[in-house]
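Chain and residue survey
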Amino acid sequence: MIRTGRVVAEKDGQVEICFERPDACAKCGACTGGKHFSQVKVPGSAPVGSWVDVDMPEGQVLKASAVAYVVPLLLLLGGIALGMLLFTNEALWALTGLLCMGCASIVLRKVDKGVKSKKEWQPQIVAVHEEGENKNGTEADER
């Protein structure tokens with residue numbers, strides 16, 4: 001998956017890139033607050049204000065998405081099942097499920113630390129475009 005974004009900062013061998021939310025996300029509604037941009041730090045170098053193409057292998061994006069969504073869901077369901085074994089009160093079933101789902105943040109943090117250092121999980125800058133040009137070589141809209 002290749003996305004184009006604008007470099008907003010460069011420091012210590014990393015660039016901070018601002019990406020516009022893709023059109024496919026417009027109907028989702030999961031992002032709250034009307035945020036239409038996201039900023040990501042990517043290893044590499046590019047001048048501030050330039051446009052860059054960033055590649056993240058498709059398989060890794062799918063794996064990361066699966067981990068981010070499936071792990072909390074499995075822990076929620078497992079917690080509810082555990083609550084059913086331990087308690088007779090349905091409210092306690094739900095509470096046990098939510099507590100287990102909260103543990104997902106700990107699991108995801110550990111997974112993130114493990115994959116963060118692996119190059120195959122890191123986005124890579126594949127092209128740098130002049131300031132004021134987009135990836136097609138035409139004038140880009142100012143953001």
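Above this text you will find the structure in question.
An account of the accompanying structure is given in this report. Everything quoted here is computed from the prediction, not taken from an experiment. (Residues numbered from 1 in each chain as written. Predicted model: local features only at pLDDT ≥ 70, side-chain atom pairs only at ≥ 80, totals over all residues. Heavy atoms only, no water.)

Describing the overall build of the protein
- A count of helical and extended segments in the protein gives three helices and five strands.
- Tracing the protein from N to C terminus, the helices and strands come up as β-β-β-β-α-α-α-β.
- Here the protein, with 143 residues, has 22% of them falling under the buried criterion.
- In the protein, once contacts between residues fewer than 6 apart in sequence are set aside, the share between residues at least 24 apart is 68%.
- Entry remark: accessible area of the protein is about 9,800 Å², with carbon and sulfur atoms responsible for 60%. (Helix = DSSP H or I, 4+ residues; strand = E, 2+ residues; numbered from the N terminus. Buried < 20%, exposed > 50% of the residue type's maximum accessible area, 1.4 Å probe, protein only. Contact = heavy atoms within 4.5 Å. Areas by Shrake-Rupley, 256 points an atom, 1.4 Å probe, with all protein chains shown as cover.)

Some thoughts on helix 1 (residues 58-86)
- The first and last C-alpha atoms of helix 1 sit 42 Å apart over 29 residues, in line with the 42 Å expected at 1.5 Å per residue.
- Bending of helix 1 peaks at approximately 25 degrees at the position of Val-70, with proline Pro-72 no more than four residues after it.
- Buried residues in helix 1 make contact with helix 2 (90-102) and helix 3 (104-116). (Expected span 1.5 Å × (residues − 1). Bend = angle between axes of the 7 residues up to and from the residue.)

Concerning the environment of Cys-103
- The topology assignment puts Cys-103 in the loop between helix 2 and helix 3.
- Considering only alpha carbons, one finds Cys-103 and Leu-76, 27 residues apart in sequence, at a separation of 9.3 Å.

Re the pairing of strand 4 (residues 51-55)
- The buried count for strand 4 comes to four of five residues, which makes it a mostly enclosed element.
- Across five bridges, the pairing between strand 1 (residues 2-11) and strand 4 is antiparallel. Looking at the pairing, Thr-4 lines up with Asp-53 of strand 4. (Pairing = 2+ DSSP bridges.)

Topic: the pairing of strand 1
- Relative to strand 2 (residues 14-20), strand 1 runs antiparallel, the two sharing five bridges. Paired with Glu-10 across the two strands is Val-15, which belongs to strand 2.
- Connecting the antiparallel pair strand 1 and strand 2 is a turn made up of two residues, with Asp-12 showing a positive phi of about 55 degrees.

Quick look at the side chain of Thr-96
- Looking at the secondary structure, you find Thr-96 in helix 2.
- According to the relative accessible area criterion, Thr-96 is buried, its value standing at 11%.
- In terms of polar contacts, Thr-96 uses its side chain to reach the backbone carbonyl oxygen of Leu-92, at 2.7 Å.
- Once residues lying within four places of it in the same chain are set aside, the contact partners of Thr-96 are Gly-79, Leu-82, Gly-83 and Phe-87. (Polar contact = N/O pair within 3.5 Å; in protein donor to acceptor, adjacent residues only side chain to side chain.)

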